[in-house]
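Chain by chain, the residues run as shown.
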Amino acid sequence: MKNPKWLYLLVITLTIICLTFITLPILNVFISLDPENFKNTLKDGEVWKAIFTSLKGATFATIVGLIMGVPTSYFLFQTESKYSELIESVINLPIVIPHVAVGITLLELLNSNSPLGKFFSHLGISFVDTIYGIIIAMCFVSISYTITSSLMGFRSINKELIWTARSLGASPYQVVKFVILPLAFPYILRGAILSFARSISEVGAILIIAYYPITAPVLMYERFEDYGLKSSTPIAVLVICISLIIFIILLSISYRREKRIA
Amino acid sequence: MLEVKVEKRLKSFKIEANFRVKEKEYVVVLGRSGAGKSMIAKVISGIERADRCKVILKGKDISNLPPEKRRISYLPQSNTLFPHMSILENLEFPLRIRKEKFNRRKVEEIASQFNVKEILFKRPSEVSGGEVQRVALARAILSDPEVIILDEPLSSLDFLTKIKLIDFLKELKGRRTILHITHDPLEAEKLADRVLYVERGRTFYFESWKDFIERARGELPQKIKEFFPYRQQS
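Predicted model, so just to flag it, every value in this text is computed and none were measured.

Novice: I keep staring at the overall build of chain B and nothing clicks. Help me out?
Specialist: Scanning chain B from terminus to terminus reveals seven helices and ten strands. Computed over its C-alpha atoms, the radius of gyration of chain B comes to 18 Å, within 12% of the 17 Å expected for a compact globule of 234 residues. Overall, chain B is about 50 × 40 × 30 Å in size when its C-alpha atoms are taken along their principal axes. Burial analysis of chain B (234 residues in total) assigns 44% to the buried set.

Novice: Please explain the overall build of chain A as it appears in this structure.
Specialist: When helices and strands are counted, chain A shows 13 helices and zero strands. Viewed in the frame of its principal axes, chain A has a C-alpha envelope of about 65 × 65 × 30 Å. For chain A, the proportion of its 262 residues judged to be buried stands at 34%. The contacts in chain A between residues at least 6 apart in sequence include a share of 80% that link residues at least 24 apart.

Novice: Please clarify how the packing of helix 8 (residues 131-155) of chain A against helix 10 (residues 172-201) of chain A should be interpreted in this entry.
Specialist: A pair of packed helices can be characterised by two numbers: the angle between their axes and the separation between those axes. All names here are of chain A. Running from N to C, helix 8 and helix 10 cross one another at 155°; their axes reach a closest spacing of 7 Å. Classified by the interaxial angle, the pair formed by helix 8 and helix 10 is roughly antiparallel. Of the two elements, helix 8 crosses helix 10, and the hand of that crossing is right-handed. For the pair helix 8 and helix 10, contact is made by Met 138, Val 141, Ser 142, Ile 143, Tyr 145, Thr 146, Thr 148, Ser 149, Ser 150, Met 152, Gly 153 and Phe 154 and by Ile 180, Ala 184, Pro 186, Tyr 187, Ile 188, Arg 190, Gly 191, Ala 192, Leu 194, Ser 195, Arg 198 and Ser 199, respectively. The class makeup of the residues in the contact of helix 8 with helix 10 is 13 nonpolar, nine polar and two charged.

Novice: Help me out: how do you make sense of the interface of chain B and chain A in this one?
Specialist: When the parts of a complex come together, some accessible area is lost, and that lost area is often used as the size of the interface. With 21 residues of chain B in contact, the opposing surface of chain A contributes 19 residues. Elements that contribute at least two residues to the side of chain B that touches chain A include exactly strand 6 (72-75) and helix 2 (87-97) of chain B. It is strand 6 of chain B that contributes the most residues to the side of chain B that touches chain A, four residues altogether. Classifying every residue of the side of chain B that touches chain A gives eleven nonpolar, seven polar and three charged.

Novice: Teacher, can you tell me more about the pairing of strand 9 (residues 194-199) of chain B here?
Specialist: Successive side chains on a regular strand alternate, one facing one side of the sheet and the next facing the other. Residues and elements named next belong to chain B. In terms of burial, strand 9 is largely enclosed, as five of its six residues are buried. Judged from the five bridges that link them, strand 3 (residues 26-31) and strand 9 form a sheet pairing that is parallel. Counterpart to Leu 30 in the pairing with strand 9 is Tyr 197. If you look at the hairpin formed by strand 9 and strand 10 (residues 202-206), you'll find two residues sitting between the two strands, and Arg 200 has a positive phi there, around 45°.

Novice: Explain unusual backbone geometry here, please?
Specialist: The bulk of non-glycine residues show a negative phi, and the bulk of peptide bonds are trans. A cis amide bond links A:Tyr212 with the next residue in sequence, A:Pro213, at an omega value of -5°. Mapping A:Pro213 onto the fold places it in the loop between helix 11 (204-209) and helix 12 (216-227). Phi at B:Arg200 is positive, roughly 45°, even though this residue is not glycine. Classification of B:Arg200 as partly exposed rests on a count of 16 C-beta atoms within 10 Å.

Novice: Sorry if this is basic, but what is going on with helix 4 (residues 129-142) of chain B here?
Specialist: Each turn of an α-helix holds 3.6 residues, which means side chains three or four residues apart point in the same direction. Residues and elements named next belong to chain B. Here helix 4 spans 20 Å end to end across 14 residues, near enough to the 20 Å set by a 1.5 Å rise per residue. Among the 14 residues of helix 4, eleven are classified as buried, and the element is accordingly described as predominantly covered. Taken together, the buried positions of helix 4 are occupied by Glu 131, Val 132, Gln 133, Arg 134, Val 135, Ala 136, Leu 137, Ala 138, Arg 139, Ala 140 and Leu 142. Lining the buried residues of helix 4 we find strand 6, helix 2, helix 3 (104-113), strand 7 (147-151) and helix 5 (159-172).

Novice: Help me understand the pairing of strand 3 of chain B in this model?
Specialist: All names here are of chain B. The buried count for strand 3 comes to six of six residues, which makes it a mostly enclosed element. Residues Tyr 26, Val 28 and Leu 30 of strand 3 are buried on one face, and the alternating residues Val 27, Val 29 and Gly 31, pointing to the opposite face, are buried as well. In the sheet, strand 3 pairs with strand 8 (residues 177-182) via five bridges, with the strands oriented parallel. When the bridges of strand 8 are listed, Val 28 appears paired with His 180.

Novice: Teacher, can you tell me more about the domain arrangement of chain B here?
Specialist: Residues and elements named next belong to chain B. The assigned domain composition of chain B is domain 1 (1-71 + 149-234) and domain 2 (81-144). Computed over C-alpha atoms only, the centres of domain 1 and domain 2 are separated by 26 Å. Counting residues at the interface gives seven residues for domain 1 and four residues for domain 2. Taken together, the residues of the side of domain 1 that touches domain 2 break down into four nonpolar, two polar and one charged.

Novice: When you look at helix 8 of chain A in this model, what are you seeing that I'm missing?
Specialist: All names here are of chain A. For helix 8, with 25 residues, the first-to-last C-alpha span of 35 Å sits near the 36 Å given by 1.5 Å per residue. Maximal helix bending in helix 8 amounts to about 45°, located at Ser 142. In terms of residue burial, helix 8 counts as a mostly covered element, since 21 of its 25 residues are buried.

Novice: Help me understand the nonpolar core in this model?
Specialist: Considering soluble globular proteins, one finds that nonpolar side chains tend to be buried as a cluster. Residues A:Ala137 and B:Ile149 are the most contacted members of the largest nonpolar core, which totals 120 residues. Beyond its immediate chain neighbours, meaning those up to four positions away, A:Ala137 contacts A:Val102, A:Gly103, A:Leu106, A:Glu202, A:Ala205, A:Ile206, A:Ile209 and A:Ala210.

Novice: Any chance you could explain the confidence of the model for chain A here in plain terms?
Specialist: Predicted coordinates in regions of low pLDDT should not be interpreted in detail. The predicted model of chain A has a mean per-residue pLDDT of 92, with 99% of residues at 70 or higher. Within chain A, the lowest mean pLDDT, 87, falls on helix 13 (residues 229-261) of chain A, and the highest, 96, falls on helix 8 of chain A.

Novice: Sorry, what's going on with the environment of A:Phe140 here?
Specialist: Residue and element names in this part refer to chain A. Position of Phe 140 among the secondary structure elements: in helix 8. Look at Phe 140 and you get buried, because 23 C-beta atoms sit within 10 Å. In sequence terms Phe 140 and Val 102 are 38 residues apart; their C-alpha atoms lie 8.1 Å from each other. Those residues in contact with Phe 140 that sit more than four places away from it in its chain are Pro 94, Val 102, Leu 106 and Ala 205.

Parameters at a glance
- Residues numbered from 1 in each chain as written.
- Chains lettered and ligands numbered in written order.
- Predicted model: local features only at pLDDT ≥ 70, side-chain atom pairs only at ≥ 80, totals over all residues.
- Helix = DSSP H or I, 4+ residues; strand = E, 2+ residues; numbered from the N terminus.
- Rg over C-alpha atoms; globule rule 2.2 N^0.38 Å.
- Buried ≥ 20, exposed ≤ 12 C-beta atoms within 10 Å, placed from the backbone.
- Contact = placed C-beta atoms within 7 Å.
- Axes fitted to C-alpha atoms, helices over the stretch in contact; angles between N-to-C directions.
- Parallel < 35°, antiparallel > 145°, perpendicular 65-115°, else oblique.
- Left-handed = near helix turned anticlockwise from the far one by under 90°.
- Nonpolar A, V, L, I, M, F, W, Y, C, P; charged D, E, K, R; others polar.
- Pairing = 2+ DSSP bridges.
- Expected span 1.5 Å × (residues − 1).
- Domains from an automatic or database assignment.
- Bend = angle between axes of the 7 residues up to and from the residue.
- Core = buried A, V, L, I, M, F, W, Y, C linked by C-beta atoms within 7 Å.
- pLDDT = per-residue confidence, 0-100.

Right, here's the structure in full:
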């Protein structure tokens, strides 16, 4: 059935509005950027330190998320029980909790006077105002993306490929290694990219549990509060540029892998 | 010799399969869609569990062995070439998992026999349906099974490719024990040493296609059902 012309026009218009809505603020921040200010920001050691802390925290948060998340999603893929839906809902909880509330709950759980905080203190790990606190907060708010995307990847695999591999002589471990993980890899990678992106942008939870060492979003917030837009915009531009470069590289790897499988 | 006794309750009927297949015979498992043919094949190959199951291969009870240890290669209906591997990597897969020393000559020899040598470096998405089936068969042979189960191997192919592949399958006769599942009587006529007819989970064994037709008294195979009680193998 052919779509009516007015519907087609409406869809096109809404798509253009949507794309403008997303790109306009980003383009505007580049246009309104004062070059002199930006030059000074590039020379600002504190900015680079904050960006490095953000990248370091997000990288570790993504790795921890992958280590915990991929086996969890594989477990959910393998065990279709009546509790699966409940477990999946629990996994998506971090997405719906306001991030300041995440910071408060994590601080409540991991402060140096709590039982868990004391336990980690014995291991020499403290979460308040340390990189560990940043990693935990970032991991908490982003792990759902890794799990959900990996689960989608596992579920997208044709079960007959798994049967074939078994009947060709592959053990369950070999099936995971040679068939399941390579086929789910683009989804896992995409989940990791989303997690990384979510981690980089986190500010609410980090403000509560680990204001220091200062991350890029927290620094942006601090500069905005203290000196206004002029001071925070160049940092925002720098962070956007770095994020875009990283995401374009990672997404192109993900698309290339997906194309190989298609 | 492959001996099979399977019982499995499904939603609308119960599978009660009971048959024997001699070594290197080409048995066509014929029956309508949903008759339970694929389920029987999956139970034999260890992919599905049954309520009761006895599978004896060459005198050895393999009923409780995992699929990878049964030496029964099951080729499901759809394209089961691993899409992330090249054709060559697909062919090498059974050797790789057995940690056999890389034997390119062996792979190329089989690839030549199955007429897929020209496409070794292509991806499964770049080859035709007939080539996919030939590669899947070659890969199954490389896994060195005692029995190969082909589940509707020709169902998704056009008529000409189907005829070509039937000729190709004829050449496999006598090399391995083959169970060829289909609902197409043409395939049974062209290929079967023996016919196993499946109707609502029950198996009926015929010495040959001719025997099957004679028993059907000239009627279409779908109507053969009423003659089955006289031919069920005990």
